[in-house]
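Here is what each chain is made of, one letter per residue.
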Amino acid sequence: MIETLAGPKADVEDLSASALLALARDRKAAEDRAAADVLEVAARWADLHPPESIHTAASFSGSGRYGLEHEEPIAGEGCPAVAEFCIAELGTVLGISSTTAKRLIGHALELRHRLPRLWAQVHAGQVPAWRARTVAEATIHATPSLTVEAARWVDTQVAAVAGRIGPAQLDRLVAETIKRHHLDTSDATADPEDGYLSVDPRHATLHDQDVHYAGTMRFEAELDIADALDLDRALAHGAETLKALGSAAPLDARRSAALGDLARTQTALDLHAQGSTAARSEYGLPIAREVVVHAHFDASLDGLETVFGSTGRMEEGQRLVLLDQVKHWCGDSRTKVTVKPVIDLTAELTSPGYDIPDRIREQVILRDRTCVFPWCTRPARGCDIDHVVPFDHDADTEGRPQPGPTVSSNLAPECRWHHRLKTHTAWRYEVTAPGVYKWTSPHGHRYRRDRIGTIRIDTTSTNAGSEPASPGRP
């Protein structure tokens, strides 16, 4: 049964073609209105939480050039700052990560303060929120940064076409804005023929969160024209070589395999000599791949089966991997195979002091897989290992029982940002079962987090309008 905007509920099968189209249009309009409302809520949430209300101003932390850490503003020049830790509460209520919530608030502030025409069009239903957020993302992260005047110029240009602008047009518009407002701070002696722009569209991106059950991932790239043509020729040659060596795979599959061969500096000659140590030594080919596989089996040795065969899990990216793939990797003559001992994830390991031994750290990492904060997906191997119940450093000297021992059941991985959040705010969590955590937010919302993911455990909160609780003891 579906309730139309014009009347009571009706079976969708009873609707005519015209009625179905009208229903689709109405539902899409309602979706756009809801998205615009969420942006309004995000901006108002920022208004209620200036930096002095809780902690330092929010910013995006990321890995900069050469792996150095850097800070990026949550929104552009002229936008108000936001209290750092208020973001998590909004994110968990919306069922998104803290990083995604930062981006949402940043887009809302960017649109309201620096792109006001586009902001008005969103709330008038003329431009969908997702399209306006695309423009906000571009103006926030333009290099060099756009001044308020430059952002307003982009706003005027985009609003003139009611937001009907694609990613490529947007890149060109931002690049033109930079030049028009004399924001280009690149080396004045650089040769323009080199083709390097302040806004460079080139990239090579692995979409490692989008894993197909066949054990594949999508790799997307924007290349220099010459590089793209060279790569295309190399893939065509590699695909033909694989066919000549007996591969019966389709052309696209062979081109994909050829790209992998390029990444491993593999050649057709090496394929002929596969498995030959002497050949590898003769041609001086280096070890091209190192794979660390953590395989977990229960007592019955049952494994996950799919239509593609036996399936396991790679720790990196929490990705599924086919047993046949692992066999293929290990069969490569230049693959280095490391076998690690099996760790019992159900054992209760303990240590007498505060420091966490490697064997316990590894067990916690493999058990929980990611940061255990609601909806966070940061890999556990890069997280802090937190004592859920804080370790009391004075307990032994004062003859008291240790409330927060260093044992498997009292340890959990948290990324640095969420570890600080837990330490400095009223967010609290407890262990309800091995690897299962119940989080309570400052506003009283509760979430259950385990190795599978996050679920809300208070779908009908009764304290939605209450003030947040005061921070407890770190």
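None of the values given here were measured: they were computed from a predicted structure.

### Quick look at the overall build of the chain
The secondary structure content of the chain amounts to 14 helices and 19 strands. Residue burial in the chain is summarised as follows: out of 474 residues, 35% are buried. A fraction of 60% describes how many contacts in the chain between residues 6 or more apart in sequence connect residues 24 or more apart. Surface exposure of the chain reaches about 27200 Å², of which carbon and sulfur atoms provide 56%.

### A few points about the packing of helix α3 (residues 98–114) against helix α5 (residues 129–140)
Packing of α3 against α5 leaves a shortest axis separation of 9 Å and a crossing angle of 90°. What the angle tells us is that α3 and α5 run roughly perpendicular. Counting all contacts with α3, which are made through Arg103, Leu104, Gly106, His107, Glu110, Leu111 and Arg114, the residues of α5 involved are Ala132, Arg133, Ala136, Glu137, Thr139 and Ile140. Residues of the contact of α3 with α5, tallied by class, amount to 5 nonpolar, 3 polar and 5 charged.

### As for the pattern of salt bridges
Evaluation of the coordinates by the stated rule reveals 17 salt bridges. Between Arg112 and Asp47 there is a salt bridge, with the nearest N and O atoms lying 2.7 Å from each other. Of this pair, Arg112 sits in helix α3 while Asp47 sits in helix α1 (residues 17–48), placing them 65 residues apart in sequence. For Arg112, a relative accessible area of 22% gives the class partly exposed. With a closest N to O distance of 2.7 Å, Asp392 and Arg400 form a salt bridge. Look at the salt bridges and you will find they share partners, linking Asp392, Glu398 and Arg400 into a network.

### Concerning the packing of aromatic side chains
This structure, assessed with the given rule, holds 9 aromatic pairs. Note on Tyr354 and Phe391: the rings are 5.3 Å apart at their centroids and 65° apart in plane angle, and the pair reads as edge-to-face. You can see Tyr354 sitting in the loop between β12 (350–351) and α13 (358–368) and its partner Phe391 sitting in the loop between β13 (384–387) and β14 (406–407), a full 37 residues away along the chain. A residue is classified by how much of its surface remains accessible, and Phe391, at 16% relative accessible area, is buried.

### Details of helix α2 (residues 86–94)
Here α2 lies mainly inside the structure; 7 of its 9 residues are buried. Here α2 has its buried residues at Cys86, Ile87, Ala88, Glu89, Leu90, Gly91 and Thr92. On the buried face of α2, the contacting elements are α1, α3, α14 (416–424), β18 (446–449) and β19 (454–456). Of the residues flanking the end of α2, it is Gly95, one or two places downstream, whose phi is positive at about 75°.

### Looking at the nonpolar core
By size, the foremost hydrophobic cluster in this structure holds 41 residues, and its most contacted members are Leu39, Ile105, Leu111 and Leu118. Elements with a minimum of two residues in this core: α1, α2, α3, α4 (116–123), α5, α6 (148–160) and α7 (167–180). The contact partners of Leu118, leaving out residues within four places of it in the chain, are Leu111, Val127, Ala132, Val135, Asp155 and Val158. Among the nonpolar cores identified, the runner-up in size contains 18 residues, and Phe85, Phe373, Leu421 and Tyr429 belong to it.

### Here's the deal with the confidence of the model for the chain
Per-residue confidence for the chain gives a mean pLDDT of 78; residues scoring 70 or more make up 67%. For the stretch residues 4–8, pLDDT sits under 50, and the model shows 6 contacts to residues farther than four places along the chain or on other chains. Overall, residues 266–275 carries pLDDT values under 50, and its contacts beyond four positions in sequence, including any with other chains, amount to 18 contacts.

### Here we look at the side chain of Glu414
Relative to the helices and strands, Glu414 resides in strand β15 (residues 411–414). Comment: no salt bridge for buried Glu414; closest opposite-charge side chain is Lys422, at 5.6 Å. Among the polar contacts made by the side chain of Glu414, one reaches the side chain of Tyr429 at a distance of 2.6 Å. Non-local contacts of Glu414, meaning those with residues more than four positions away in its chain, are made with Cys371, Val372, Cys383, Asp384, Asp386, His419, Lys422, Tyr429 and Trp439.

### Thoughts on the pairing of β13
Every second residue of β13 is oriented toward a common face, with Asp384 and Asp386 on one face and Ile385 and His387 on the other, all of them buried. Bridge count between β13 and β15: 4 bridges; the pairing is antiparallel. The residue bridging Asp386 from the neighbouring strand is Ala412, located in β15.

### A word on the state of the cysteines
According to the stated counting rule, one finds 0 disulfides in the structure shown. Cys376 takes part in no disulfide bond, and the closest cysteine sulfur to it belongs to Cys371, at a distance of 3.7 Å.

### Some points on α7
The end-to-end C-alpha separation of α7 is 20 Å, in line with the 20 Å expected for 14 residues at 1.5 Å each. Turning to α7, its buried residues number three or more, namely Leu170, Leu173, Val174, Ala175, Thr177 and Ile178. For α7, the elements touching its buried residues are α5 and α6.

### So, the sheet that holds β18
Spatially, the 4 strands line up as an open sheet ordered β16-β17-β18-β19, and their pairing is antiparallel. Each edge of the open sheet is held by one strand with a lone partner, namely β16 (428–433) and β19. The sheet shows a mean angle of 25° between the axes of neighbouring strands, taken without regard to direction. Direction of pairing for β16 relative to strand β17 (residues 436–440): antiparallel, over a ladder of 5 bridges. Looking at β17, one finds that Ala433 is bridged to Val436.

About the cut-offs
Residue numbers here run from 1 along each chain, matching the order of that chain's written sequence. Given that this is a predicted model, residues contribute local features only at a pLDDT of at least 70 and side-chain atom pairs are listed and counted only at 80 or more, while totals for whole chains, interfaces and linings are drawn from all residues. Note that the side-chain values use all heavy atoms of the structure and ignore hydrogens as well as water. Helix and strand definitions here come from DSSP, where helices need a minimum of 4 consecutive H or I residues and strands a minimum of 2 consecutive E residues; each element is numbered from the N-terminal end. Relative accessibility decides the category of a residue: with a 1.4 Å probe and only protein chains considered, values under 20% of the type maximum give buried, values over 50% give exposed, and everything between is partly exposed. Whether two residues are in contact is decided by their heavy atoms, any of which lying within 4.5 Å being enough. What sets the accessible areas is the Shrake-Rupley method with a 1.4 Å probe; for residues, cover comes only from the shown protein chains. Lines fitted to C-alpha atoms define the axes here, with helix axes fitted over just the stretch in contact, and angles between the N-to-C directions of these axes take values from 0 to 180 degrees. Roughly parallel here means an angle under 35 degrees, roughly antiparallel means over 145, roughly perpendicular means 65 to 115, and every remaining angle is called oblique. Put simply, Ala, Val, Leu, Ile, Met, Phe, Trp, Tyr, Cys and Pro go in the nonpolar bin, Asp, Glu, Lys and Arg in the charged bin, and everything else, Gly too, in the polar bin. A side-chain nitrogen of Lys or Arg and a carboxyl oxygen of Asp or Glu constitute a salt bridge if their distance falls within 4 Å. Between rings of Phe, Tyr and Trp, where Trp is taken as its six-membered ring, a pair exists when centres lie within 6.5 Å; planes separated by under 30 degrees are stacked, by over 60 edge-to-face, and by other angles tilted. Here the nonpolar core consists of buried residues drawn from Ala, Val, Leu, Ile, Met, Phe, Trp, Tyr and Cys, with membership extended through side-chain atoms lying within 4.5 Å. By definition, pLDDT measures how confident the predictor is in each residue, and it falls between 0 and 100. Counted as positive: Lys and Arg. Counted as negative: Asp and Glu. His and the chain ends are not counted at all. Whenever two N or O atoms come within 3.5 Å, that pair is a polar contact, provided that in protein one can donate a hydrogen and the other can accept it, and provided that, for residues adjacent in sequence, both atoms are side-chain atoms. By the convention used here, strands pair only if DSSP detects at least 2 bridges between them. Disulfide: a pair of cysteine sulfur atoms within 2.5 Å of each other. What a helix should span is 1.5 Å times the count of its residues minus one.

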